[in-house]
Amino acid sequence: GILLMHAWWGLNSFFISLADRLAVEGFVVLAPDLYGGKTVSEIEEAEKLIGMFLWHDVIKDEEAALDFLLNHSAVQRGNVGVIGISTGGGYATWLATLRPEPSAIVLFYGGSDQPDNASKTKAAFLGHFAEGDEWEPDEGVKAFESQLQAAGREVTFYFYKGVGQWF
């Protein structure tokens, strides 16, 4: 099973398409709409949209989505991963610190803003980050990577040169 966490744009056609592509590959995918059907395409709109929702409410929805996946008959017990893109990476990382079930977390340019919580997760991490990203500074990503390693977690982070956020 895969829990797919959308970016601050909302559950737009890109994330629906990605969920469909993963499903075609044989995964049971759940992409919860954390913003109640609202989507945007401009940064200023996204900043306003994300400000309308409290992280604690969003994480409750995310935990409910995880529970749904864990209880789905087609999902093998204990075999759930989370993919988080941009803001969704933050949700994915936070979920991994709250719940022991996610075995793998894949981050795309987001989710490294919680290095102090690295010891609270049991998940393996794979991360893809833009080098020099103004939204996800290299220092923070590297600190998170170090904290995960120090906590004994399997972690592989890639940094891509010459690309920006949302590469």
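The rules behind the values
Residues numbered from 1 in each chain as written. Predicted model: local features only at pLDDT ≥ 70, side-chain atom pairs only at ≥ 80, totals over all residues. Heavy atoms only, no water. Buried < 20%, exposed > 50% of the residue type's maximum accessible area, 1.4 Å probe, protein only. Helix = DSSP H or I, 4+ residues; strand = E, 2+ residues; numbered from the N terminus. Pairing = 2+ DSSP bridges. Phe/Tyr/Trp six-rings, centres within 6.5 Å; stacked < 30°, edge-to-face > 60°. Core = buried A, V, L, I, M, F, W, Y, C linked by side-chain atoms within 4.5 Å. Contact = heavy atoms within 4.5 Å. 1 Å grid on protein atoms, 1.4 Å probe; cavity = no way out; pocket = protein on both sides within 12 Å on 5 of 7 lines; lining within 4 Å. Points joined across faces, edges and corners; volume = space filled by probe spheres on them.

## Concerning the pairing of strand β3 (residues 80–85)
- Burial runs high along β3: six of the six residues are buried.
- The two faces of β3 match: Val-80, Val-82 and Gly-84 on one face and Gly-81, Ile-83 and Ile-85 on the other face are all buried.
- When strand β1 (residues 2–5) meets β3, the two strands line up parallel, connected through four bridges. Bridge pairing links Leu-3 to Val-82 in β3.
- Alignment of β3 against strand β4 (residues 102–108), held across six bridges, turns out to be parallel. Within the sheet, the bridge partner assigned to Ile-83 lies in β4 and is Val-106.

## Comments concerning the packing of aromatic side chains
- Counted under the stated rule, the structure contains eight aromatic pairs.
- Relative to Phe-15, the ring of Phe-14 lies with its centre 5.0 Å away and its plane at 80 degrees, an arrangement referred to as edge-to-face.
- The interplanar angle of 90 degrees and the centroid separation of 5.5 Å between the aromatic rings of Phe-125 and Phe-144 together place this pair among those described as edge-to-face. Of this pair, Phe-125 sits in strand β5 (residues 124–130) while Phe-144 sits in helix α5 (residues 138–150), and the two are 19 residues apart along the sequence.
- Ring pairing ties together the aromatic residues Phe-125, Phe-129, Phe-144, Phe-157 and Phe-159, which thus form one cluster.

## A look at the nonpolar core
- Among the nonpolar cores identified, the biggest contains 49 residues, and Leu-3, Ile-105, Phe-125 and Phe-157 are the most heavily contacted of them.
- Ignoring any residue separated from it by four or fewer positions in sequence, one finds Phe-125 in contact with Thr-93, Ala-96, Ile-105, Leu-107, Phe-144, Leu-148, Glu-154, Val-155, Thr-156 and Phe-157.

## Focus: the layout of surface pockets
- Empty space within the largest pocket amounts to approximately 150 Å³.
- Looking at the largest pocket, the residues that line it are Phe-14, Leu-18, Arg-21, Leu-22, Ile-83, Ile-85, Phe-108, Tyr-109 and Phe-167.
- Put simply, the parts of the chain that give the lining of the largest pocket at least two residues each are α1 (13–24) and β3.
- With four residues, α1 is the single largest residue contributor to the lining of the largest pocket.

## Looking at unusual backbone geometry
- One non-glycine residue with positive phi stands out, namely Ser-86, at about 55 degrees.
- Relative to the elements of secondary structure, Ser-86 occurs in the loop between β3 and α4 (87–98).
- The backbone of Tyr-109 sits at a positive phi, close to 40 degrees, despite the residue not being glycine.

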